[in-house]
Amino acid sequence: MYRLGDEEEAEDRVFLAGFDRIEARKQERTKTELRKKRLAYGMAAAGSLLMVLVIISISVGLARKSAMPYSCKDEGRASYDTTFFVIGDWGRSGTKDQRQAARMMADVAQCMRPSFIISTGDNFYTHGLKSSDDAKFAKSFSDVYNQASLQVNWYAVLGNHDYGDQIDPDEDSCAANTLEECPQDCCYSSVWQFTGRVKDVRWHCQNGTYNVPTGNAALLDIFMMDTNPFIPRYLKEAWSKNAGGIWQQNGSLVKQQLRQRLAASKARWKLVVGHHPIASFGEHCKYSMNGDCKDMAWLEP
């Protein structure tokens, strides 16, 4: 009787011990999972910190790089017949990005000094100049491209913004169909760019067509052309009737002038510069031959 009881007690102990072992294993698994989570959190935190440090390092590196001057590439004794720069849509009233681009141009110019600089238009955002003394001329041009290596002639054509794009003569007091109708020193018009040389001797701009003196007529002729009269949608806009505006330009005469200049040229290379493209994958051609490209297709060889 007592032996049986002892056996039952022993069995109970074995049975309970099994539960203890199960519970112990559960606790161990819990501790293991907790250690794994802590390790994962630690690795994630370390990874995040590393990523932050990498981003900071890259940012600092880019900042330092952007502040570094352009390093001239050693091209031995390479020489060029003609060197010139081309820039467009640049007149941003001396913003940080514009000044940075100007500094980079000046750095490159120290390595390869340009004979002149070409501007493809939209010289003064957003509506062009509103008087012959408009401070925007200096703010966007003279005071920005003032480095010694950029003191060469600039030859420009007009873009749509130079004609007072988005300015309505019926709503803006500084816009009218003629200069006489405007208040004094307050009249958006492309004509003020034609007088810019009075303020900065580097500046050359006119509508219609004109030639750039390249210094090597047998090699290169550059023809500057106002392409705005060839964009029909502009003629539907009120601003096209601003003083000196697109409505006052003769597109047929511009075509005739250009063809005469091209025919008379004996240069090996002939370049035509205008604000609007004949081929482009950009938005103004809508990734096809529509839009500006369609309007300028007549210029294709």
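Residues numbered from 1 in each chain as written. Predicted model: local features only at pLDDT ≥ 70, side-chain atom pairs only at ≥ 80, totals over all residues. Heavy atoms only, no water.

A. A look at the overall build of the chain. Across its full length, the chain holds five helices and seven strands. Considering the chain as a whole, with its 301 residues, one finds that 37% of them fall into the buried category. Pairs at least 24 residues apart make up 76% of the contacts formed inside the chain by residues separated by at least 6 positions. Carbon and sulfur atoms form 55% of the exposed surface of the chain, whose accessible area is close to 18600 Å². (Helix = DSSP H or I, 4+ residues; strand = E, 2+ residues; numbered from the N terminus. Buried < 20%, exposed > 50% of the residue type's maximum accessible area, 1.4 Å probe, protein only. Contact = heavy atoms within 4.5 Å. Areas by Shrake-Rupley, 256 points an atom, 1.4 Å probe, with all protein chains shown as cover.)

B. Looking closely at the sheet that holds strand β7 (residues 269-273). Pairing is mixed in the open sheet, where three strands are placed in the order β5-β6-β7. Among the strands making up the open sheet, the edge pair consists of β5 (209-212) and β7. Here the average twist between neighbouring strands, direction ignored, is 25 degrees. Pairing of β5 with strand β6 (residues 220-225), which is carried by four bridges, proceeds in the antiparallel orientation. (Pairing = 2+ DSSP bridges. Axes fitted to C-alpha atoms, helices over the stretch in contact; angles between N-to-C directions.)

C. Expanded view of the sheet that holds strand β1 (residues 84-87). Sheet architecture is open: four strands sit in the order β1-β2-β3-β4, paired in parallel fashion. In this open sheet, the two strands that pair with only one neighbour each are β1 and β4 (203-205). With strand direction ignored, the average angle separating the axes of adjacent strands in the sheet is 20 degrees. Where strand β2 (residues 116-119) meets strand β3 (residues 153-156), four bridges bridge the pair, whose relative direction is parallel. The partner of F116 across the bridge, within β3, is N153. Relative to the sheet, helix α2 (residues 96-111) contacts β1, β2 and β3, its axis offset from that of β1 by approximately 165 degrees.

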